[in-house]
Structures are given as structure tokens and as C-alpha cells.
Amino acid sequence: MAQPDSSFDVIVIGGGAAGLLCAIEAGQRGRRVAVLEHSAAIGRKILISGGGRCNFTNLHCAPEHFLSANPHFHKSALARYRPKDFLALVEKHGIRWHEKTLGQLFCDRSARDITAMLEAECAAAGVRILTGAAPREVRKGTEFEIDMGSHSLRSSALVIATGGLSIPKAGASDFGYRVARQFGHSIEECRPALTPLKLAEADRKRYCDLAGVSASAIVSIGKRRFRENLLITHRGLSGPAILQISSYWKPGAEVLIDLLPEVDIAAVFRERKQRGDRATVRSVASEFLAQRLAARWCELRNETRALAAIPLRDLENIAAGFHNWKLRPSGVEDFEKAEVTAGGVDTRELSSKTMESTKLPGLFFIGEVVDVTGQLGGFNFQWAWASGYCAGQAL
């Protein structure tokens, strides 16, 4: 016979964004819910996100901001639970927020406001949160049995909300993928996403002593392009534009960078030349780029001439170079520096409306453990909220 508090309608493994929202929705529907969080506190990735202020959603959330091997899967969940729905919850709790660029919403004060809100909602819904609770094994008989070592917990439904492999210091593990495989699910290859790019040795020697230099740029791979800042690091490139494109980079692919997206530098060169200006390419480029970057750019191309001495055709080619900086990264930084994990539980084996396994009734997968990856800027939190909501409504 089960011990008191060892049997539940729903057990959610993972006390992050997706797991907590799911538990709240299920609890509000009268289900007896337990959340198992192996860390000492819930929401560790929430607390470190957005520089400690939590970029909790994005007003412009749309399906095209997500990457998946099954490109239509996430549309249903995102349509059922929108940014305005989570924002209504935030405002219900009196949390002050502000919008930054590109529709990104942040807490005014602290990400702790979000975890406190979720904890309060769990309490109101009768959800039991167990921290420091690390499951050892999952078994399935007439119910799901969660082996906790010294005891077991049982439930008729099990939700896997364990996140991905990114940011191990925040408690990332492969537990969710192991459970998925145990019950016959396929895993799309997991890889670091929203992470810096590493440069090959030759390019590191050319550029990486400029670590700390940044530029506003357009970074693209094929038709995928992002216009934000990039940052030169000791090992390669980072900054929002680079993090964005990293999710789409594949080994051997070339990255194209426009260092002057807002400047028709060819027109500037022509106008200065016509005036007989004695300025050099370096001095003019320094008006629009960091001086160290402009200097290095010209140094690597042995360009020291004054504009007045350069033929127009050469000036056009020089200008084109600033808009077409081509690099072939040697790789991406690993999961320690990645904000999210791309890949995960194959969505073709899940219901897009409920997140329930099509292989084992009562088993659900939500959040980052699933093969749905958002772009930078609050989209991954919105996927967590939306997938958690859909599962919670189905339990």
C-alpha cells in the first residue's frame, strides 16, 4: 500500500519554466500534482536569464522564430498560449516589466519575481513542490513509478520537463532523453544552440587579439540573417547576432557578415574621392567602425592609400569587402556556454495539441527537452509556457 503523499495524479519531473506552468494548469483543474526538482530550488535557469531580470517572453512571437526537424509541430501550442496570456499572469501578480528592443520583455526588478509568481500559483493550485528530489529511475506498470532511492512515488501521468544539456552549472542533465529512449522515443541529435562561434587558428591570429571589440552587423547563413551586435572574443565571435546564427550553423558552413549594414560606404568613398580628400580607407572606416577593427581590416589587406589615389573600381571592391566579410568557423562553443539545446525528443512522436507521447499514453514531454528551439529574445521561455500549458490542460 502506498505511503501518504506518495501517490499523485500527475508527477512533473523538472521545476523549470515548462514544468511549473504545466503543474499550475493541472493543479487548477483539480489534479493532485507533484513537481520533482533535483536542485535545491526551482527555476534556476529562470533566475540567471536576461542578466538576472528574465527575458520572460517576446511580443512578436511567431512560428518562424523556432527551429525543429518537424517545422509545423510548435504552431498549435504557440497559438493556444500567447505572450499576452503569460503577460496577464505577470500583471496579475503586480510584477513590473519593460520592453527592450525587438519585443523582448524583462522584469524591472528581478527574475525572482517570476519564480515567486510561479511558486505562489503552484501553492494556490495545491501543487506540491519537492526540491532536492532526484529520480533514479522511471518504471511503468499500471501506473508510473518513480524510484527516488529511499522510496517511490506513483502517478497515472508523468510529465518530463527536465530541460536540455545547456548550462550544466544550472543543473542540466540527460535524464529526460534517457526516459524518452526507455519508452521507445527517438531523439533528434542534441547540439549547443545560441552559443558563440569558434574560429580556426589562422582567423584567431588575425582577429582575436581584438577581443572586446564589437560592431552592429548583419550576420547570415544562406537566407537566414540576423541584424544585431557581434563581439570579437579570445576564441572567436559572440554577441546576439552570432548567438542567433549559431543555431543554424553546420560544420563547414560559411558565415557572411555585413559590418556596415547602415552605411553605403561605397558612396562615402566616392564622395570623398571626388572632393580630393586625403583621408585613407582606414580613417574613413574608423568613422563607422571601432578604430581597432578598421585598422586591422586595412592592415590585413595592405590598404594604406589615400582615397584620392585609389581608382573607383578598387574603391567599389574595398567597400564590398566591408559588406561581405566571409568566415568559416571551426565550430561552436559547447553546452557550458550555450543558452539552449537544439534537438531533443522527436516531435513526430508527440501530439502537437497536448505534448503527449503517441507511444505511451500518460507520458508527456514539454519545454527544452523537446526538439523545438527558439531564437534569442524570450522565444524559448514562450515555448516553455506554451508547451507546459497545453500539457497541463490535457492532464
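Described below are features of the structure shown in this document. (Residues numbered from 1 in each chain as written. Predicted model: local features only at pLDDT ≥ 70, side-chain atom pairs only at ≥ 80, totals over all residues. Heavy atoms only, no water.)

1. Overview of the pattern of salt bridges
Heads up, the rule is: The working definition used for a salt bridge is a side-chain nitrogen of Lys or Arg within 4 Å of a carboxyl oxygen of Asp or Glu. Only runs of H or I of at least four residues qualify as helices and only runs of E of at least two qualify as strands under DSSP, and these elements are numbered from the N terminus. To sort residues, take the accessible area from a 1.4 Å probe on protein chains only and compare it with the maximum for the residue type: under 20% means buried, over 50% means exposed, and anything in between is partly exposed.
For the structure shown, the criterion picks out 25 salt bridges. With its nearest N and O atoms 2.8 Å apart, the salt bridge here joins K92 to E121. In this pair, K92 sits in helix α4 (residues 83–92) while E121 sits in helix α5 (residues 112–124), placing the two residues 29 residues apart along the sequence. Between R296 and D209 there is a salt bridge, with its nearest N and O atoms 2.7 Å apart. Residue R296 is found in helix α11 (residues 291–300), and its partner D209 is found in the loop between α7 (201–207) and β13 (214–221); the two are separated by 87 residues along the sequence. Given a relative accessible area of 46%, D209 falls into the partly exposed group. Sharing partners across several salt bridges, the network here consists of E137, R139, E145, D147 and R154.

2. Section: the packing of aromatic side chains
When we look at a pair of aromatic rings, we describe it by the centre distance and by the angle of the planes. The criterion, for reference: A pair of aromatic rings is counted whenever rings of Phe, Tyr or Trp (Trp by its six-membered ring) have centres within 6.5 Å, and the orientation is called stacked for planes under 30 degrees apart, edge-to-face for over 60 and tilted otherwise.
Taken as a whole and judged by the stated rule, the model has 11 aromatic pairs. Each ring, one from F226 and one from Y248, has its centre 6.0 Å from the other, and the planes form 35°; the classification is tilted. Residue F226 is located in strand β14 (residues 224–232), and its partner Y248 is located in the loop between α8 (240–246) and β16 (255–258); the two are separated by 22 residues in the primary sequence. Residue classification places F226 among the buried residues on the basis of a relative accessible area of 8%. Judged by relative accessible area, Y248 falls into the buried class, the value being 15%. Consider the rings of W297 and F322, whose centres lie 5.2 Å apart with planes at 25°: the pair is stacked.

3. Brief notes about unusual backbone geometry
With the exception of glycine, the majority of residues adopt a negative phi angle, and the majority of peptide bonds are in the trans configuration. Phi angles above zero are rare outside glycine, and L102 is one such case at about 60°. Taking relative accessible area as the criterion, L102 reaches 53% and is therefore assigned exposed. Of note in the backbone geometry, I167 takes a positive phi value of approximately 55° without being a glycine. Following the sequence through the fold, I167 ends up in the loop between β10 (152–160) and α6 (175–182).

4. Describing the environment of G103
The test is simple: Two residues qualify as a contact provided that any one of their heavy atoms is within 4.5 Å of a heavy atom in the partner residue.
Tracing the backbone shows G103 in the loop between β5 (97–99) and β6 (104–107). Judged by relative accessible area, G103 falls into the buried class, the value being 2%. When the C-alpha positions of G103 and T115 are compared, they lie 22 Å apart, and in sequence the two are 12 residues distant. The residues contacting G103, other than those within four sequence positions of it, are T57, N58, L59 and H60.

5. Some thoughts on the packing of helix α9 (residues 265–274) against helix α12 (residues 312–323)
To be explicit about the condition: The axes used here are C-alpha line fits, helices contributing only the stretch in contact, and every angle between their N-to-C directions lies in the interval 0 to 180 degrees. Here is the rule for handedness: rotate from the far helix to the near one, and if that takes an anticlockwise turn smaller than a right angle the crossing is left-handed, while a clockwise turn gives right-handed. All amino acids are sorted into three groups, where Ala, Val, Leu, Ile, Met, Phe, Trp, Tyr, Cys and Pro are nonpolar, Asp, Glu, Lys and Arg are charged, and the leftover types, Gly among them, are polar.
Packing of α9 against α12 leaves a shortest axis separation of 8 Å and a crossing angle of 150°. Of the two possible hands of crossing, α9 and α12 adopt the one that is right-handed. Packed against α9, whose contacting residues are I265, A266, F269, R270 and K273, the element α12 presents L312, L315, E316, I318, A319, F322 and H323 at the interface. In the contact of α9 with α12, the residues fall into eight nonpolar, one polar and three charged.

6. A few points about the sheet that holds β6
Heads up, the rule is: If DSSP finds at least two bridges between two strands, the strands pair.
A sheet is described by the order of its strands in space; here three strands give the open sequence β3-β6-β5, paired in antiparallel fashion. Edge positions in the sheet fall to β3 (55–58) and β5, since each of these pairs with one other strand and no more. Neighbour to neighbour, the strand axes of the sheet diverge by 25° on average, direction disregarded.

7. A short note on α11
Burial in α11 covers these residues: L293, A294, A295, R296, W297 and C298. The inward-facing, buried residues of α11 abut α7, β13, β14, α10 (281–285), α12 and β17 (325–327). After α11 finishes, the residue N302 shows a positive phi value of roughly 50°.

8. Remarks on the nonpolar core
Heads up, the condition is: The definition of a nonpolar core used throughout is a set of buried Ala, Val, Leu, Ile, Met, Phe, Trp, Tyr and Cys residues joined through side-chain atoms within 4.5 Å.
Counting 79 residues, the largest nonpolar core has I114 and W385 as the members making the most contacts within it. If you tally residues by element for this core, the top one is helix α13 (residues 379–394), at nine residues. Every residue in contact with W385, bar those within four places of it in the chain, is listed here: A17, L21, I46, F56, Y81, F86, I114 and L118. Among the nonpolar cores identified, the runner-up in size contains 46 residues, and L197, L293, C298 and L307 belong to it.

That's the geometry; what it means functionally is another story.
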